[in-house]
Every structure is written in C-alpha cells, then in structure tokens.
Amino acid sequence: MSQNREPFASLLLYHAFKFSVVNPMLRVYFQGRIYGAQNVPSSGPLVIVSNHASNYDPPIVSNCVRRPVSYMAKEELFKIPILKQAIELYGAYPVSRGTSDRNAIRKALEYLEQGWAVGLFLQGTRTPDGRITDPKRGAALIAAKAKAPIIPVCLWGTQEIEQKGKAIPRRVPVTVRIGELIPAPTSTTKEELETVTQKCAIAINQLHDLGR
C-alpha cells in the first residue's frame, strides 16, 4: 500500500534546506515573486512539469511548491559518499547519460507510488529564453502510468542567473508562476499523451508571457 507523503527524514531535510538557504536566496537575492502556490496539493502523488533554463531551477521549483520534489540526477553524483545519502533523502534518483530512460521512468513511478511529487522538465533540456518549443511526452507517460495529476510551473528569469566562467550567480529578478492542475492522461496512446503534453506546454508558455 502506498503512503500519502514523503518520508519524514526527507521532509525534515527539505524544510531545513528551504528555510536556511533556498527561500532566503530566492526571496532576497533574486527578489523572487511566487504566484499560484495554493494550486499545489500538499500531499499525494503529483507530476510537476516546468520549463528549464538554469541549474538553479530544481531547488527553486521545490521551494515554491512547498513540498519536496524528486528529480533525476547525474549518475556520477551517487558515487560520492555523504552527497549520495543527502540527495537520496531529497528524492533524487540516478540517470545515465546516453542510455535508455526506462530506469528513470521506473524510478519516477516508484516515488509517485510512495506519495512524492516528481519534477520533470517538459523539454528535457535547458532552453535559452525559458520558453517551451519542443515538449517531450515523457512526463505525460509517467502521469498516465501513475494516474497522477500534472501541475505546470513556469520559471521566468532564471536563464540570466548563471554566468559563464563564474561561480557566483548573477543577481537577477526571478518570478515563478504555478498553473492549475491538469488531470492525468486517460490512456498511454500516443494521441492522448501528445494532447496532454501540448496542454502543459501551452500552459507554461502562457504563464511565461505574463512576465515579471
């Protein structure tokens, strides 16, 4: 039987990191604005889809939806002692570059079964301006298999954070807008998955058009 929430240790780590590091940085350093957080269910399986423009996106999304979000991470990170345990508590799961994503999909489904929110970038890779131009059906497939609702999240301004050759992030305004729940696809047919995927892409781009 699945549980309705993430493990207590993960929740504890999430809140500790959120309030000590991520939230102050987002609110103060990036002058963060958050809209639509009330749209996010506080528990139960959930697929979060967003645009992607920087390495700062996963912690920002998790901070704004007010619950831990499990993301796939590079396999290499799981070979580092202590870091491995920490990111696993955070719900990260490994994915191998250049290999089949079946294992990543299976792991995402396991986390959803346990009541986690799973985060996926709708286009799979970073885009230069934060807009979705080529959405992938993977998130819709996972949502269909898990029978989990989807919620679209738009990150505005994060493409300006990282500076080539510099470790310190640029201080730029960031806005996060969270859309309304989208029901899970009713089947795993290509047509149904494409319909829901396009609905997610349209929702994210419309939120992006609202700007700051």
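The following refers to the structure shown. Treat the numbers as computed from the prediction; the structure is a model and nothing was measured.

## Description of helix α2 (residues 57-65)
- Judged by how many residues are buried, α2 sits mostly within the fold: seven of nine residues are covered.
- Among the residues of α2, those classed as buried are Asp57, Ile60, Val61, Ser62, Asn63, Cys64 and Val65.
- Arg66 sits one or two residues past α2 and shows a positive phi near 65°.

## Describing the sheet that holds strand β1 (residues 33-35)
- Judged by pairing direction, the sheet is mixed, and its six strands sit side by side in the order β1-β8-β7-β2-β6-β3 without closing on themselves. Each having just a single partner strand, β1 and β3 (69-70) make up the two edges of the open sheet.
- Note that β3 and strand β6 (residues 117-121) share two bridges and pair parallel. Looking across to β6, one finds that Ser70 is bridged to Val118.

## Overview of the packing of aromatic side chains
- Summed over all chains, the structure comprises five aromatic pairs.
- Ring geometry for Tyr29 against Phe30: centres 5.2 Å apart, planes inclined by 75°, an arrangement best described as edge-to-face.
- Tyr29 sits in the partly exposed class, given a relative accessible area of 25%.
- Since its relative accessible area comes to 2%, Phe30 is described here as buried.
- Consider the rings of Phe30 and Tyr56, whose centres lie 6.3 Å apart with planes at 80°: the pair is edge-to-face. On the criterion of sequence distance, the pair formed by Phe30 in the loop between α1 (8-29) and β1 and Tyr56 in the loop between β2 (46-50) and α2 is long-range, its members being 26 residues apart.
- Residue classification places Tyr56 among the partly exposed positions, given a relative accessible area of 22%.
- Through successive ring pairs, a cluster of aromatic residues spans Tyr29, Phe30 and Tyr56.
- The ring of Tyr35 is capped by Arg177, whose NZ or CZ atom sits 4.3 Å from the centre of that ring.

## Thoughts on unusual backbone geometry
- A positive phi angle, near 50°, is found at Gln31, a position not held by glycine.
- With respect to the helices and strands, Gln31 occurs in the loop between α1 and β1.
- You can call Gln31 partly exposed: its relative accessible area is 40%.
- Of note, Arg66 is a non-glycine position whose phi angle comes to about 65°, a positive value.
- Along the polypeptide, Arg66 turns up in the loop between α2 and β3.

## As for the pattern of salt bridges
- On inspection of all chains with the given rule, the structure shows seven salt bridges.
- Residues Lys107 and Glu110 are paired through a salt bridge, measuring 3.4 Å at the closest nitrogen-oxygen approach. Of this pair, Lys107 and Glu110 are both found in helix α4 (residues 102-113), three residues apart, which corresponds to roughly one turn of the helix.

## Quick word on the packing of helix α5 (residues 138-146) against helix α6 (residues 190-209)
- Running from N to C, α5 and α6 cross one another at 115°; their axes reach a closest spacing of 8 Å. Handedness of the α5/α6 crossing: right-handed. Within the contact between the two elements, α5 uses Ala140, Leu141 and Ala144 and α6 uses Leu193, Val196 and Thr197.

## Quick look at α4
- The end-to-end C-alpha separation of α4 is 17 Å, in line with the 16 Å expected for twelve residues at 1.5 Å each.
- Along α4, the positions that sit buried rather than exposed are Ala104, Ile105, Ala108, Tyr111 and Leu112. Seen from one end, α4 has its buried residues packed into an arc of 120°, which puts them on one side.
- Gly115 sits one or two positions beyond α4 and adopts a positive phi of about 95°.

Calculation criteria
- Residues numbered from 1 in each chain as written.
- Predicted model: local features only at pLDDT ≥ 70, side-chain atom pairs only at ≥ 80, totals over all residues.
- Heavy atoms only, no water.
- Buried < 20%, exposed > 50% of the residue type's maximum accessible area, 1.4 Å probe, protein only.
- Helix = DSSP H or I, 4+ residues; strand = E, 2+ residues; numbered from the N terminus.
- Pairing = 2+ DSSP bridges.
- Phe/Tyr/Trp six-rings, centres within 6.5 Å; stacked < 30°, edge-to-face > 60°.
- Lys NZ or Arg CZ within 6 Å of the ring centre and 35° of its normal.
- Salt bridge = Lys/Arg side-chain N within 4 Å of Asp/Glu carboxyl O.
- Axes fitted to C-alpha atoms, helices over the stretch in contact; angles between N-to-C directions.
- Left-handed = near helix turned anticlockwise from the far one by under 90°.
- Contact = heavy atoms within 4.5 Å.
- Expected span 1.5 Å × (residues − 1).
- Arc of directions from axis to C-beta.

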